[in-house]
Amino acid sequence: MAKLKVALYWAASCGGCEIAQLAIGDKLLKLAEAADIVFWPVAIDAKYKDVEAMPDKSIDACLFNGAIRNSEQEHMAKMLREKSKIMIAYGSCAYEGCIPGLANLFNRQMIFERVYIETQSTDNKNNILPQTSCQVPEGELTLPEFYDTVKTLRQTVDVDYVIPGCPPEEKTTWLALEALIEGKLPPKGTVISHNAKAVCDDCPLKRDVKKIKKIYRNFNIIPEPEICLLEQGLLCQGIATRGGCGAPCPQANMPCTGCYGPVEGVIDQGAHFLSALASVIDSNDPEEIQRIIDDIPDPVGSFYRYSLPDSLLRGAIIR
Amino acid sequence: MEGEVKIGVYICNCGTNIAGTVDVKEVAKLAGGLPSVVIAKDYMYMCSDPGQNMIKEDIKQLGLNRIVVASCSPMLHEHTFRQAVQDAGLNPYLFEMANIREHCSWITEDPKLATEKAKALVSAAVRRVYYQEPLEVREVPVTPSILVVGGGIAGIQAALEVANAGHKAYLVERESSIGGHMAQFDKTFPTLDCASCIFTPLLSTVGQHPNIELMTYSEVEEISGYIGNFQAKIRKKARYVDEDKCNGCLVCVEKCPWKAVSEFDEGLSQRKAIYTPFAQAVPNVPVIDTEHCVYFLKGTCRACERFCDLKAIDFEQPDKEVEVAVGAIIVATGYDAFDPSAITNYGYGRYDNVFTALQFERMCNASGPTGGKIVLKDGSEPKNIAIIHCVGSRDKNYHEYCSRVCCMYSLKYSHLIKEKIENAEVYQFYIDMRCFGKGYEEFYERLSNEEVKFIRGKASEVTDRARTEEEQGKLVVVAEDSLMSALIRVPVDMVILSTALEARSDAAAVARLFNISRSADGFFLERHPKLDPVATTTDGIFIVGCAQGPKDIPDTVAQASAAAARVLAMISQGKVEIEAATAVIDEELCSGCKICNLLCPYSAITFDEEKKVSRVNEVLCKACGVCVAACPSAAITGKHFTTEQIMAEIEGVLA
């Protein structure tokens, strides 16, 4: 059997996905047995022109991580789509926009002003902002265009599979790679993970009916062991988050922040968590309710930490 | 679902109600071009027989399997069209209604905008109906009993109708006796029947009826359940008199040394701290007013206890909570009389001889504070009396509506005054005389011949500042006589204010308790102003009497009987159809997080400890959708309101 050809690429991301890919450890050898890695900027010195030269659909599968923040990333996403038979959104940024996607609360101008002018550590007397092109004595210099909004990979090109997580757990990565190697991929569109149910299904903590009188941040309390963190007032999003990760965070007394994205069939993860949370606030007194929810730190960042660009609202409307 | 989706769309003109504003042809044209739409047409009246037959024919001829009707509110005709669709062999849940009348043509002036809006609503309904699925309507048994809230004439009539038909009625009254406002009246218009003569026999019938469980001095605290199967929690407030022991001798009342203002006599007399509101009270068991009883205030006295041979006085009596199961609820909580002290220029509360209508009613009553004599504060007999109409009614500053009974009781007062005081002069200051009921116009005619002076004009002021000798020591009513176009000043001894009927001050809380709506005037809102005037938007809960709006006794009795007939129909059917659109939990998606468990208002959700999933009991589910919205995993689906259907509807509106 001919070896598979696999490409891996990074767009707007932190590099954590590459670490996660390496974290499969000795299984990398199994991957290497079954597949040639034809493009992987983090590890292999290949140029864009090398990819450009590949015939269409000559790559069997592309694992694409990172969101689409600028024109270079969009260009690469489109090119890799053309060259690959299977396009896999790897990790939360490619899947839902993730942390880079929180920038959708602002537009390009606001981000540039903040980053290149306002921050205290910046010394930019001439208020110089990035330009897509600039003439210097040596000729023209170009930069990719920074977009107003962050998009997910699916909002940019056709995506066949999703491997969720920020970053994906080792076992989730291998679940997908193994299926790829063995030619047993699920139907197109599948979000590949060990569990279609919420994290609670993986989580061994004891749960009862929920009634929340006070919301805590992680550093406010030392939670009781073995009891559902949400019941204790920590904003554990396991109830609204796809399982399959094995619930490592709640088991380490850290509330789930929702990185595996929505449960199968859910359209807006943040809205679903918000709606569920609103249902279990234990008060009928409007003032007390207000006091309780005032303790929620950074609502958008809490509820939409990973999913803002993929949510119904996609971001803030800036006028 | 079988094969290809074939949608039929019908745009109703509703005469000119819709077609006068909306270009129905254009809407039909748009609908015709939408995906899966096989036929789209407009018709004069879709709800008429020919309109319904058109749908049935098309279903048969064209093999339609989804129907959209764009017409009025589903409140009005959803049932009609669902029935039509069902008659043609289609599941009624494969029908969807777009409201292009109440939500569109009636409220949008610009025909262009109205047409665009109608198109958006139709396109939403078409896209939604595509995803609709057949559902089975379920039936539940009806508990053959009723809760009647309010023991005035409305509640009494309703309770008696149901009880006489052989079913249990729980009649709950907030005061210590049933009777309500009618018990305060002297005579009733236009026949001048003595109110007590016709009413007190009813009171005692209620008190003794084997099928009526009377709960006076009680309030409904909580309602749960649904049509056919309500549970009501009722708090029986402590009377401090044991109802089972008391024989109604009222020695305790006689011996009680402490007094308070009589509410029943509208403040014109005093009652004891232990009292029954009136002589024919039902039940004839007194109640201790803890705000005036010196034992409760200071711990001394206990006179009533000492004199009660039956040991019925019980200062330690606690409030009791009882729970009853009923199939339906009739709300008959009545009205409040408008407090005229708000209209300062009429001087109520400032001048001794300005009375409210109800005060005057008590004064005329033979068992009232003056033994039926019409007297001024100083005990003397008035010679001339002015009656001012529309106090608080037909007045933008207070209530814009007409209270419907004031003209008639004002006429009745004229007659009573003429009867009781020889040569009395009576002036009626009216805006319009509204004598619309059976025998009412004749009564007006009769009074016109009794030398009552009718002055058409709203009184602007009642003052004691005399301008002439003649006005000295009198109350002067200042008004415009609009027939003579002259300002007039009429000196009188007594002024009666024909005060408005208004919604109870706690109507908002009562509406919340029973989950019913109120109209802008504050009264409870009927399901349909003409075709369903006693039902509410909550199935199984009915409204009767002045709680629904001001009305006279005959209308109240008719309405109470109508509501009772509705309840009896339910009971004799023995079952009611309930919502098929229940919630269902997909066990493949439920992670057992238990978010939904406590939320269900009908306790329909249980947790399966073995499988670690939650489950909805479909018999108990009332399709409120609370759990559907709360489920963070979208494991719960509200049938007929699936995410797919709702998203399609939104996309349709935005398309």
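Because the structure is predicted, anything quoted here is derived from the model rather than measured.

Quick notes on the overall build of chain B
Each helix and strand counted, chain B has 17 helices and 34 strands in total. When its C-alpha atoms are laid out on the principal axes, chain B stretches across 90 × 70 × 40 Å. For chain B, with 655 residues in total, the buried portion stands at 55%. In chain B, the share of contacts with a sequence separation of at least 24, taken over all contacts with a separation of at least 6, comes to 69%. When the accessible surface of chain B is split by element, carbon and sulfur atoms take 49% of a total near 29,000 Å². Looking at charge distribution, chain B has the averaged site of its 68 positive side-chain charges lying 1 Å from that of its 88 negative ones.

What about the sheet that holds strand S18 (residues 328–331) of chain B?
Residues and elements named next belong to chain B. Taking strand neighbours across the sheet as the criterion, the five strands line up as S10-S7-S6-S18-S29 in an open arrangement whose pairing is parallel. If you trace the sheet from one side to the other, it starts and ends with strand S10 (212–215) and strand S29 (541–543), each paired once. On average, adjacent strands in this sheet sit at an angle of 20 degrees to one another, irrespective of strand direction. Bridge analysis of S18 against S29 gives three bridges, and the strand direction is parallel. By the bridge assignment, Val331 is partnered in S29 with Ile543. Those strands touched by helix H15 (residues 553–573) are strand S6 (145–149), S18 and S29, and its axis lies near 175 degrees from that of S18.

A few points about the side chain of Arg207(A)
Mapped onto the elements of the fold, Arg207(A) is located in the loop between helix H8 (170–181) and helix H9 (248–251). Buried charge without a partner: Arg207(A) forms no salt bridge, and the closest opposite charge is Asp201(A), 5.5 Å away. Side-chain polar atoms of Arg207(A) contact the backbone oxygen of Cys200(A), separated by 3.2 Å. Once residues lying within four places of it in the same chain are set aside, the contact partners of Arg207(A) are Cys200(A), Cys228(A), Glu231(A), Ser591(B), Gly592(B), Cys593(B) and Lys594(B).

A few points about unusual backbone geometry
Across the junction of Cys166(A) and Pro167(A), the peptide omega takes the value -10 degrees, indicating a cis bond. Relative to the assigned elements, Pro167(A) resides in the loop between strand S9 (161–163) and H8. Despite not being glycine, Cys14(B) has its phi angle at roughly 50 degrees, a positive value. Inspection of the secondary structure puts Cys14(B) in the loop between strand S1 (7–12) and helix H1 (24–32). Owing to a relative accessible area of 12%, Cys14(B) belongs among the buried residues under this scheme. A positive phi angle, close to 70 degrees, is found at Ser36(B), a residue other than glycine. With respect to the helices, strands and loops of the structure, Ser36(B) is situated in the loop between H1 and strand S2 (37–43).

So, the interface of chain B and chain A
Counting from both sides, the interface comprises 21 residues of chain B and, opposite them, 24 residues of chain A. Between chain B and chain A lies a buried interface of about 1,700 Å² when both sides are counted; carbon and sulfur atoms form 64% of it. A per-residue breakdown of the area chain B buries against chain A is headed by Ser591(B), Ile595(B) and Pro632(B), which together make up 28% of the total. In this assembly, chain B and chain A are joined by zero salt bridges. Counting across the interface, chain B meets chain A through eight residue pairs in polar contact (both at pLDDT 80 or more). Split by residue class, the side of chain B that touches chain A holds 13 nonpolar, five polar and three charged.

Some points on the domain arrangement of chain B
On domain assignment, one finds that chain B holds domain 1 (7–137), domain 2 (145–237 + 319–334 + 504–575), domain 3 (251–307), domain 4 (336–502) and domain 5 (582–638). If you average the C-alpha positions of domain 1 of chain B and of domain 5 of chain B, the two centres end up 33 Å apart.

Quick look at empty space enclosed by the protein
Residue and element names in this part refer to chain A. Under the definition given, this model contains eight cavities of 30 Å³ or more. Size it by volume and the largest cavity reaches roughly 120 Å³. Around the largest cavity, the lining is made up of 13 residues, and of these Cys200, Cys203, Cys228, Leu229 and Cys236 lie nearest the centre. Its residues assigned to classes, the lining of the largest cavity shows ten nonpolar, one polar and two charged.

Focus: H15(B)
Residues and elements named next belong to chain B. Between the first and last C-alpha of H15 there are 30 Å, a value that for 21 residues agrees with the 30 Å anticipated at 1.5 Å per step. Taken as a whole, H15 has its buried residues at Thr556, Gln559, Ala560, Ala563, Ala564, Val567, Met570 and Ile571. Taken around the axis of H15, the buried residues stretch over an arc of 135 degrees, which confines them to a single face. Across from the buried face of H15, at angles greater than 90 degrees, the exposed residues are Ser572 and Gln573.

Remarks on the environment of Leu312(A)
Here Leu312(A) lies in the segment after helix H12 (299–303). For the pair Leu312(A) and Leu29(A), spaced 283 residues apart in the sequence, the C-alpha separation amounts to 41 Å. Dropping the residues within four chain positions of it, Leu312(A) is found in contact with Ile267(A), Asp268(A) and Met647(B).

What about the pattern of salt bridges?
For the coordinates displayed, the defined rule picks out 60 salt bridges over all chains. We note a salt bridge from Asp87(B) to Lys56(B), for which the minimum N-O separation is 3.6 Å. Of this pair, Asp87(B) sits in helix H3 (residues 74–87) while Lys56(B) is found in helix H2 (residues 49–62), placing the two residues 31 residues apart along the sequence. When its relative accessible area of 46% is taken as the criterion, Asp87(B) is described as partly exposed. Residue class for Lys56(B) comes out buried when judged on its relative accessible area of 17%. Two residues, Lys168(B) and Glu213(B), come together in a salt bridge whose shortest N-O distance is 3.5 Å. With Lys168(B) in strand S7 (residues 168–172) and Glu213(B) in strand S10, this residue pair connects regions lying 45 residues apart in the sequence. Among the charged side chains, a network of salt bridges with common partners joins Arg81(A), Asp158(A), Asp160(A) and Lys188(A).

Focus on a nonpolar patch on the surface
Residues and elements named next belong to chain B. On the surface, a nonpolar cluster with roughly 480 Å² of combined accessible area is contributed by Phe641, Ile646, Ile650, Val653 and Leu654. Here Ile650 lies in helix H17 (residues 643–654). Look at Ile650 and you get partly exposed, because its relative accessible area is 42%.

Description of the state of the cysteines
Among covalent bonds in proteins, the disulfide is the one between the sulfur atoms of two cysteines. Per the stated rule, a full pass over the model turns up one disulfide over all chains. In this model Cys194(B) forms its disulfide with Cys197(B); the gap between the sulfur atoms is 2.5 Å. Given an S-S torsion of about 85 degrees, the disulfide between Cys194(B) and Cys197(B) has right-handed geometry. Cys245(A) takes part in no disulfide bond, and the closest cysteine sulfur, belonging to Cys256(A), lies 6.4 Å away.

Rules and cut-offs
Residues numbered from 1 in each chain as written. Chains lettered and ligands numbered in written order. Predicted model: local features only at pLDDT ≥ 70, side-chain atom pairs only at ≥ 80, totals over all residues. Heavy atoms only, no water. Helix = DSSP H or I, 4+ residues; strand = E, 2+ residues; numbered from the N terminus. Buried < 20%, exposed > 50% of the residue type's maximum accessible area, 1.4 Å probe, protein only. Contact = heavy atoms within 4.5 Å. Areas by Shrake-Rupley, 256 points an atom, 1.4 Å probe, with all protein chains shown as cover. Lys, Arg positive; Asp, Glu negative; His and termini not counted. Charge placed at Lys NZ, Arg CZ, Asp CG, Glu CD. Pairing = 2+ DSSP bridges. Axes fitted to C-alpha atoms, helices over the stretch in contact; angles between N-to-C directions. Salt bridge = Lys/Arg side-chain N within 4 Å of Asp/Glu carboxyl O. Polar contact = N/O pair within 3.5 Å; in protein donor to acceptor, adjacent residues only side chain to side chain. Buried area = accessible area lost by both parts, 1.4 Å probe. Nonpolar A, V, L, I, M, F, W, Y, C, P; charged D, E, K, R; others polar. Domains from an automatic or database assignment. 1 Å grid on protein atoms, 1.4 Å probe; cavity = no way out; pocket = protein on both sides within 12 Å on 5 of 7 lines; lining within 4 Å. Points joined across faces, edges and corners; volume = space filled by probe spheres on them. Expected span 1.5 Å × (residues − 1). Arc of directions from axis to C-beta. Patch = residues over 30% accessible without salt bridge, like charges linked within 9 Å, V, L, I, M, F, W, Y side chains within 5 Å. Disulfide = S-S within 2.5 Å.

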